[in-house]
Amino acid sequence: MSTPGTPPPTAVPPFPRDRREGDVAVVAFSQTRHMAADSGAPEARLVHTVVSDVLQRAGIDRGDIGFTVSGSLDYLAGTPFTFVGALDAVGAWPPISESHVEMDAAWALYEAWLRLRHGDIDTALVYGFGKATQGDLPDILTLQLDPYYLAPLGIDDISLAALQARALLDAERVTEADLAAVVDRSYAAARANPYSAQAGFTPDTLLTSEYVAHPLRPGDIARPCDGAAAVLLATGDTARRIAEAQGTRPAWIRGLEQRVDAHGPGARDLTRCDAAERAAVAAGVGAAPVQVAEVHARYSHQEPLLRGALGLDDGVEVNPSGGPLGADPVMATGLVRVGEVARRIAAGAAERGVAHAAQGPCLQHNLVTVLEG
Amino acid sequence: MSPDRQTGSPDETLSGGHTVEFPGGYTRSTGPVIGRFLTELRDGRIVGVRARSGRVLVPPTEYDPHDGSPVTGEFVEVGPAGTVTTWTWVAQPRPAHPFTRPFAWALILLDGADTPLVHALDLGPDSGPAPPRRLRTGLRVRPRLRDERVGDITDIACFRPEVDRITAPTRLDYTIRAGPALTRYLDAQLEGRILGMRSRHGTVYVPLRDVDPTDGSPGTEEVELPDTGVLTMFSVNHVPDPRAPEVPFVTGYVRLDGADVDLLALIGRVEPSRVRTGMRVRAEWLPPEERSRTRPSIRWFVPAEKGEDDR
């Protein structure tokens, strides 16, 4: 079903399949142990940890990197140009080719992928970081809303998400039991993931704790964390060489597409995620079976919504890492989704996977990555 | 950084407050479409703009979010009433929220509009932490406009449900005079005694009556009955009653030992789910100082045998 006025989704090949030399792969991934409380580590230290780790895994030096791009949000620290300070961790002298997006680092990965496809460099470093515990994340996210009609109301991200959850319940697309099952499984997976925050919720309390914004309880809502993640991308033979040296294989990016919906929650059908649906079609998610997916669901109801929008059938394992409910290192969370899928493919645990990143209220802007072994 | 929030023990790094603010607020241009909406709102009207597709966008934007086409110049007054299309109940408002007590956020489709508006919804000062039962998708609501309006979305203070009910105070006062039999019955209860009447047919009625209800003949004698009996039927009540301590509560018919008719009574000190017909019960009397001639002195009947409610 297409919304009136919306062009129907069309399948666009992400790029010519025969240009193998232009193929880009994730060849290394690192993330911090995300913390739900401020450990006192400054941003540059978080970044230093993950950048040093990916370079060590990949067996290359800082000077070998063709392009560096990061994603972060100055409002998390309340200071301008936080990303410049974090460059200390990369080593920016002599001058390097560097860029930044004021977005989740999954969009930095998008920029790096475009840059690599120019064909003149063969590696790119992507990282994202944030210390979401320093301020009040819902208040910070209110400032990204429409400044005329939404922000002055003081409405926050959690309340907006709750409007979406209610719409899904009313449409009988999900039940409260479905949400509880997502939460239960996410925390069970998160507890087995050493990088995920110890969120402190046990499944027993998830169904009984007070609603934050009905129908969402604390367990339905991602816990903001301090953390960072880094991914090394490489092309063609360089990717194969770096992977081989680690005893893994490249996780090739076979589709990478983003779509954005209207900002206002009233301008959309909240029971669907049209932008994710169109991005998934464009990225070719349905072209072959998928074994694993990581989705940027910051609220429990968004996982089944995204499973449907991305066209993932019941057999696909979704958020085996515990997902954002287990740890939400804001501005790295989307990149972590890519890394979690890539490392499973690199290790041979899956052949084909989907990583999804989102930003904006009620999943406004969606980026879909298809990775293959 | 405020000095009082600094900490500085040797094993702890310094920390302090930090505020980012635009003193006086950040100035933004409205453009012709949002400006028209806010100007109309200041005058107490809510308008949408018609898109090329014919749809009325509320709140209006300069383009149709579905296809990016510029909207027409036609502004359409909508509402003021509308329908809730989705909602969330906020039990503990955040500091930036418009209420300090529980309230709802909702998407509200104003009459005549094709897109819903996000706003706050006030369900009244008695709102508790649980969503009020009347809060449902489909609820009809109307805006409460501020008296002093400045041209801001918050000129609508909130929405409120349409009036679909009133609460009418209802009370009548009477003076009841008990007949001789009821007077004797209540007097006897002050002493912890239950009086009945034996009819000329041998039937024992309780409470005490003046005459046999089957034929109007006077009773032959007063009978004192024990305060024990059997529950012959019962009902679990979920509607609050001033005579019962809480809901749900149980009312039942008690056949006192030796009586031929049942006494209507409250059943207490037992889980409603454990009450059953045939259960032995005994009266639990009010303490003597709480007894009164004007009402029964039996608080309720309780399971008579130890462990009766555990079976």
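Residues numbered from 1 in each chain as written. Chains lettered and ligands numbered in written order. Predicted model: local features only at pLDDT ≥ 70, side-chain atom pairs only at ≥ 80, totals over all residues. Heavy atoms only, no water.

- You'll find chain B entered in an unreviewed UniProt entry as ChsH2 C-terminal OB-fold domain-containing protein, with Nocardiopsis mwathae given as the organism.

- Going by what an unreviewed UniProt entry lists, chain A is known as Acetyl-CoA acetyltransferase and is assigned to Nocardiopsis mwathae.

**Notes on the overall build of chain A**
Alright, step 1. Across its full length, chain A carries 13 helices and 11 strands.
Alright, step 2. Relative to a compact globule of 373 residues, whose C-alpha radius of gyration would be 21 Å, chain A shows 19 Å and is just as compact.
Alright, step 3. Along the three orthogonal principal directions, the C-alpha set of chain A runs to about 50 × 45 × 40 Å.
Alright, step 4. In chain A, buried positions account for 62% of the 373 residues.
Alright, step 5. Residue pairs at least 24 apart in sequence account for 79% of intrachain contacts in chain A once pairs closer than 6 positions are excluded.
Alright, step 6. Of the roughly 13,600 Å² of accessible surface on chain A, a fraction of 54% belongs to carbon and sulfur atoms.
Alright, step 7. Averaging the positions of the 30 positive and the 46 negative side-chain charges in chain A gives two centres separated by 5 Å. (Helix = DSSP H or I, 4+ residues; strand = E, 2+ residues; numbered from the N terminus. Rg over C-alpha atoms; globule rule 2.2 N^0.38 Å. Buried < 20%, exposed > 50% of the residue type's maximum accessible area, 1.4 Å probe, protein only. Contact = heavy atoms within 4.5 Å. Areas by Shrake-Rupley, 256 points an atom, 1.4 Å probe, with all protein chains shown as cover. Lys, Arg positive; Asp, Glu negative; His and termini not counted. Charge placed at Lys NZ, Arg CZ, Asp CG, Glu CD.)

**Considerations on the interface of chain B and chain A**
Alright, step 1. Counting from both sides, the interface comprises 36 residues of chain B and, opposite them, 35 residues of chain A.
Alright, step 2. When the two sides are added together, the surface that chain B and chain A hide from each other amounts to roughly 3,000 Å², 63% of it contributed by carbon and sulfur.
Alright, step 3. One salt bridge connects D136 of chain A with R94 of chain B, and the closest N-O pair in it is separated by 2.5 Å.
Alright, step 4. Counting across the chain B and chain A interface gives 12 residue pairs in polar contact (both at pLDDT 80 or more).
Alright, step 5. Listing elements by their share of the side of chain B that touches chain A, those giving two or more residues are α1 (31–42), β4 (82–90), β5 (103–110) and β6 (117–121) of chain B.
Alright, step 6. If one sorts the elements of the side of chain B that touches chain A by residue count, β4 of chain B sits on top with 6 residues. (Buried area = accessible area lost by both parts, 1.4 Å probe. Salt bridge = Lys/Arg side-chain N within 4 Å of Asp/Glu carboxyl O. Polar contact = N/O pair within 3.5 Å; in protein donor to acceptor, adjacent residues only side chain to side chain.)

**Quick word on the layout of surface pockets**
All names here are of chain B.
Alright, step 1. Estimates place the volume of the second largest pocket at around 620 Å³.
Alright, step 2. Every residue lining the second largest pocket is counted, 23 residues in all, and those nearest its centre are L264, A265, L266, P296 and I298.
Alright, step 3. Elements with a minimum of two residues in the lining of the second largest pocket: α2 (180–190), β13 (249–256), β14 (263–267) and β16 (298–303).
Alright, step 4. Tallied by class, the residues present in the lining of the second largest pocket amount to 16 nonpolar, 2 polar and 5 charged. (1 Å grid on protein atoms, 1.4 Å probe; cavity = no way out; pocket = protein on both sides within 12 Å on 5 of 7 lines; lining within 4 Å. Points joined across faces, edges and corners; volume = space filled by probe spheres on them. Nonpolar A, V, L, I, M, F, W, Y, C, P; charged D, E, K, R; others polar.)

**A look at the sheet that holds strand β3 (residues 75–77) of chain B**
All names here are of chain B.
Alright, step 1. In space, the 3 strands of this open sheet follow the order β2-β1-β3, with antiparallel pairing throughout. What marks the edges here is a single partner per strand, and that holds for β2 (56–57) and β3.
Alright, step 2. For strand β1 (residues 47–50) and β2, the ladder comprises 2 bridges, and the chain directions are antiparallel. Across the sheet, residue V49 finds its bridge partner in β2, namely L57. (Pairing = 2+ DSSP bridges.)

**Focus on the nonpolar core**
Alright, step 1. If you look at the biggest cluster of nonpolar residues, it comprises 46 residues, and the most contacted ones within it are L110 and L121 of chain B.
Alright, step 2. The element that contributes the greatest number of residues to this core is β5 of chain B, accounting for 7 residues.
Alright, step 3. Contacts of L121 of chain B, omitting those with residues within four sequence positions, involve V84, F103, A104, A106, L135, L139, V141, F159, R160 and P161 of chain B.
Alright, step 4. Core analysis: the next-biggest nonpolar cluster, separate from the first, contains 37 residues, V101, W107, A112 and V338 of chain A among them. (Core = buried A, V, L, I, M, F, W, Y, C linked by side-chain atoms within 4.5 Å.)

**Considerations on the environment of L57 of chain B**
Residues and elements named next belong to chain B.
Alright, step 1. Examined against the element boundaries, L57 turns out to sit in strand β2.
Alright, step 2. The buried category is assigned to L57, whose relative accessible area is 1%.
Alright, step 3. A sequence separation of 72 residues divides L57 from P129, and the C-alpha atoms of the two residues are 33 Å apart.
Alright, step 4. Each residue touching L57, except ones within four places of it in the same chain, is listed here: G48, V49, A51, Y63, D64, P65, V71 and T115.

**What about the UniProt feature "domain: ChsH2 C-terminal OB-fold" (unreviewed entry) in chain B?**
All names here are of chain B.
Alright, step 1. Here, UniProt's "domain: ChsH2 C-terminal OB-fold" (unreviewed entry) annotation points to residues 76–145 and 222–285.
Alright, step 2. Here residues 76–145 runs as 0% helix and 43% strand, with 19 Å between its end C-alpha atoms.
Alright, step 3. The annotated region residues 222–285 carries 0% helix and 52% strand content, and the separation between its end C-alpha atoms amounts to 21 Å. (UniProt positions renumbered as here; feature names shortened; annotations may be inferred.)

**Considering the domain arrangement of chain B**
Alright, step 1. If you check the domain split of chain B, you get domain 1 (32–161) and domain 2 (180–303).
Alright, step 2. Here the C-alpha centre of domain 2 of chain B lies 58 Å away from the C-alpha centre of domain 1 of chain B. (Domains from an automatic or database assignment.)

**Some points on unusual backbone geometry**
Alright, step 1. A cis amide bond links H214 of chain A with the next residue in sequence, P215 of chain A, at an omega value of 10 degrees.
Alright, step 2. With respect to the secondary-structure elements, P215 of chain A resides in the loop between α8 (203–206) and β5 (224–235).
Alright, step 3. The residue after G79 of chain B, namely P80 of chain B, is reached through a cis peptide bond having omega 0 degrees.
Alright, step 4. Tracing the sequence through the fold places P80 of chain B in the loop between β3 and β4.
Alright, step 5. Positive phi is not limited to glycine here, since M331 of chain A has a value of about 85 degrees.
Alright, step 6. Looking at the secondary structure, you find M331 of chain A in the loop between β9 (328–329) and α13 (333–346).
Alright, step 7. Residue M331 of chain A is classed as buried on the basis of its relative accessible area, which comes to 10%.

**Section: the packing of aromatic side chains**
Where two aromatic rings form a pair, the distance of their centres and the angle of their planes describe that pair.
Alright, step 1. Under the criterion given, the structure shown has 7 aromatic pairs over all chains.
Alright, step 2. When the centroid spacing of 6.1 Å and the interplanar angle of 50 degrees are considered together, the rings of F81 of chain A and F83 of chain A count as tilted.
Alright, step 3. Residue F81 of chain A is classed as exposed on the basis of its relative accessible area, which comes to 55%.
Alright, step 4. One aromatic cluster in this structure is built from F99, F103 and W105 of chain B.
Alright, step 5. Across the ring face of W113 of chain A, the terminal group of R117 of chain A is positioned such that the distance to the ring centre comes to 5.2 Å. (Phe/Tyr/Trp six-rings, centres within 6.5 Å; stacked < 30°, edge-to-face > 60°. Lys NZ or Arg CZ within 6 Å of the ring centre and 35° of its normal.)

**Topic: empty space enclosed by the protein**
Residue and element names in this part refer to chain A.
Alright, step 1. The full count for this structure, using the stated rule, is 5 cavities of 30 Å³ or more.
Alright, step 2. Of the pockets and cavities examined, the largest cavity occupies roughly 60 Å³.
Alright, step 3. As for the largest cavity, its lining consists of Q31, H34, N193, S196, S321, G323, A327, P329, V336, R337 and E340.
Alright, step 4. At 3 residues, α13 tops the list of elements feeding residues into the lining of the largest cavity.
Alright, step 5. Taken together, the residues of the lining of the largest cavity sort by class into 3 nonpolar, 6 polar and 2 charged.

**Here we look at the pairing of strand β9 (residues 194–198) of chain B**
Working note: regular strand, side chains alternate between the two faces of the sheet.
Residue and element names in this part refer to chain B.
Alright, step 1. Here β9 lies mainly inside the structure; 4 of its 5 residues are buried.
Alright, step 2. Pairing between β9 and strand β11 (residues 221–225): 5 bridges, direction antiparallel. Bridge assignment links L195 to a residue of β11, and that residue is E224.
Alright, step 3. Here β9 pairs with strand β10 (residues 204–205) via 2 bridges, running antiparallel. Residue pairing across strands places M197 opposite Y205, the latter belonging to β10.

**What to know about the domain arrangement of chain A**
Residues and elements named next belong to chain A.
Alright, step 1. For chain A, the assigned domains are domain 1 (24–134 + 225–246) and domain 2 (137–220 + 252–372).
Alright, step 2. On a C-alpha basis, the centres of domain 1 and domain 2 stand 22 Å from each other.
Alright, step 3. Taken together, the contact pairs 40 residues of domain 1 with 34 residues of domain 2.
Alright, step 4. Both sides together, the interface formed by domain 1 and domain 2 hides about 3,100 Å², and carbon and sulfur atoms give 72% of it.
Alright, step 5. Among the residues of domain 1 in contact with domain 2, Q31, D104 and W107 are the three that bury the most area, contributing 21% of the side total.

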